[in-house]
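Residues per chain are reported as follows:
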Amino acid sequence: MGHKYQIGAAVESVERLLSQRYSKDFDVARSQFDAQSTQVLARPFPGVQNIGVVNIARLLDLPDVLPAAFMHCCTLEPKDLLAGFEHDGIYEHLSPEDTARVLVARTELVQFQAQVFVSVSAGGNSMECFGLDGCDTLCDDVLKEAARRSRPVFSANWTASFMDFRSDMLSFICDPCMNKIKTKETSLWNAFWDAWPLTLGL
């Protein structure tokens, strides 16, 4: 009886831990993923260990953990995803179905980043724009910077921001225009997150 209780307590502990580290709330999940997050104890597991998180969430039937866990798996390079990881001498992999799910969703994520980029670029200045030099040239400068890059512009990094392309221009953009960019990005990402379980086929 005591042994059964210990197993139940261990399962509850795992459920609680994963629920804390893999929030179903997008803003919380995104901040947990951010390397600069101050919520050290609530940080998700690193890299390929998220494969194990997906498998445990499947085993324990934790549907609220899966969206964030799959999102983390999407940030892995395909070769790392397929290789899995070693734990106590045993290699752990996603199931074939979940591997395919991640690879397809990863493409959706990259395409969505491009959509965010285009949507924000086409937004124009805020109605309350202060008229700083950077406000009028930002979109053109960001597009030129993207065109200059030799490596792929978009990735499956779900914490990437439009302003990452020209962070040097932050001091040349007025607060209303910056708020408009952030509001637009947040709105688009929240809509994407709401549809993420459907994208994954969960």
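Residues numbered from 1 in each chain as written. Predicted model: local features only at pLDDT ≥ 70, side-chain atom pairs only at ≥ 80, totals over all residues. Heavy atoms only, no water.

Visitor: Which parts of the structure should I look at to understand the packing of aromatic side chains?
Guide: Both the distance between ring centres and the angle between the ring planes are used here to describe each pair of aromatic rings. All told, the structure shown has 6 aromatic pairs when counted by the stated rule. An angle of 10° between the planes, with centres 6.0 Å apart, marks the rings of F26 and W189 as stacked. Taken together, the residues span a long stretch of sequence, with F26 in helix α2 (residues 26-33) and W189 in helix α8 (residues 175-200) at a distance of 163 residues. Taking relative accessible area as the criterion, W189 reaches 1% and is therefore assigned buried. Ring geometry for F112 and F192: centres 4.3 Å apart, planes at 20°, overall stacked. Pair noted here: F112 is in helix α6 (residues 96-121) and F192 is in helix α8, with a separation of 80 residues, a long-range link. By relative accessible area, F112 is classed as buried at 9%. Among the residues examined, F192 registers a relative accessible area of 11% and is labelled buried. Ring pairing ties together the aromatic residues F26, F112, W189, F192, W193 and W196, which thus form one cluster. Against the face of W189 rests R30, its NZ or CZ located 4.9 Å from the ring centre. (Phe/Tyr/Trp six-rings, centres within 6.5 Å; stacked < 30°, edge-to-face > 60°. Helix = DSSP H or I, 4+ residues; strand = E, 2+ residues; numbered from the N terminus. Buried < 20%, exposed > 50% of the residue type's maximum accessible area, 1.4 Å probe, protein only. Lys NZ or Arg CZ within 6 Å of the ring centre and 35° of its normal.)

Visitor: Looking at this structure, how should I read the environment of A114?
Guide: Take A114: it is sitting in helix α6. Between the C-alpha atom of A114 and that of S155, which follows or precedes it by 41 residues, the distance is 9.0 Å.

Visitor: What is the right way to look at the confidence of the model for the chain in this model?
Guide: As a general rule, the predicted coordinates of low-pLDDT regions are not to be interpreted in detail. Confidence along the chain averages 79 in pLDDT terms, with 72% of residues attaining 70 or more. Within the model, the stretch residues 36-41 combines pLDDT values under 50 with 6 contacts to residues more than four positions away or in other chains. (pLDDT = per-residue confidence, 0-100. Contact = heavy atoms within 4.5 Å.)

Visitor: Help me understand the packing of helix α4 (residues 66-74) against α8, please; the structure alone is not making it clear to me.
Guide: The relative placement of two packed helices comes down to the angle between their axes together with the axis-to-axis distance. Running from amino to carboxyl end, α4 crosses α8 at an angle of 80°, the nearest separation of the two axes being 10 Å. In terms of orientation, α4 lies roughly perpendicular with respect to α8. In this structure, α4 uses P67, A68, F70, M71 and C74 to contact α8, whose residues at the interface are F192, W193, W196, P197 and L200. (Axes fitted to C-alpha atoms, helices over the stretch in contact; angles between N-to-C directions. Parallel < 35°, antiparallel > 145°, perpendicular 65-115°, else oblique.)

Visitor: Quick question: what am I supposed to make of unusual backbone geometry here?
Guide: The bulk of non-glycine residues show a negative phi, and the bulk of peptide bonds are trans. The phi torsion at D61 lies on the positive side, around 60°, for a residue other than glycine. Inspection of the secondary structure assignment puts D61 in the loop between α3 (49-60) and α4.

Visitor: I tried to follow the side chain of N55 on my own but got confused; where do I start?
Guide: By the secondary structure assignment, N55 is in helix α3. The buried category is assigned to N55, whose relative accessible area is 19%. Reaching out from N55, the side chain makes a polar contact with the side chain of E92 at a distance of 3.0 Å. (Polar contact = N/O pair within 3.5 Å; in protein donor to acceptor, adjacent residues only side chain to side chain.)

Visitor: Can you help me understand the pattern of salt bridges in this one?
Guide: Any two side chains of opposite charge can pair if their charged atoms end up close together. Tallying each qualifying case throughout the model produces 5 salt bridges. The partner of D98 in a salt bridge is R58, with the nearest N and O atoms 2.8 Å apart. With D98 in helix α6 and R58 in helix α3, this pair connects stretches of sequence that are 40 residues apart. Overall, R58 belongs to the partly exposed group, its relative accessible area being 37%. D98 is the salt-bridge partner of R101, the closest N and O atoms lying 2.5 Å from each other. Residue R101 and its partner D98 are located together in helix α6, separated by 3 residues, close to a single helical turn. The class of D98 is buried, set by a relative accessible area of 4%. Because the salt bridges share partners, they merge into one network encompassing R58, D98 and R101. (Salt bridge = Lys/Arg side-chain N within 4 Å of Asp/Glu carboxyl O.)

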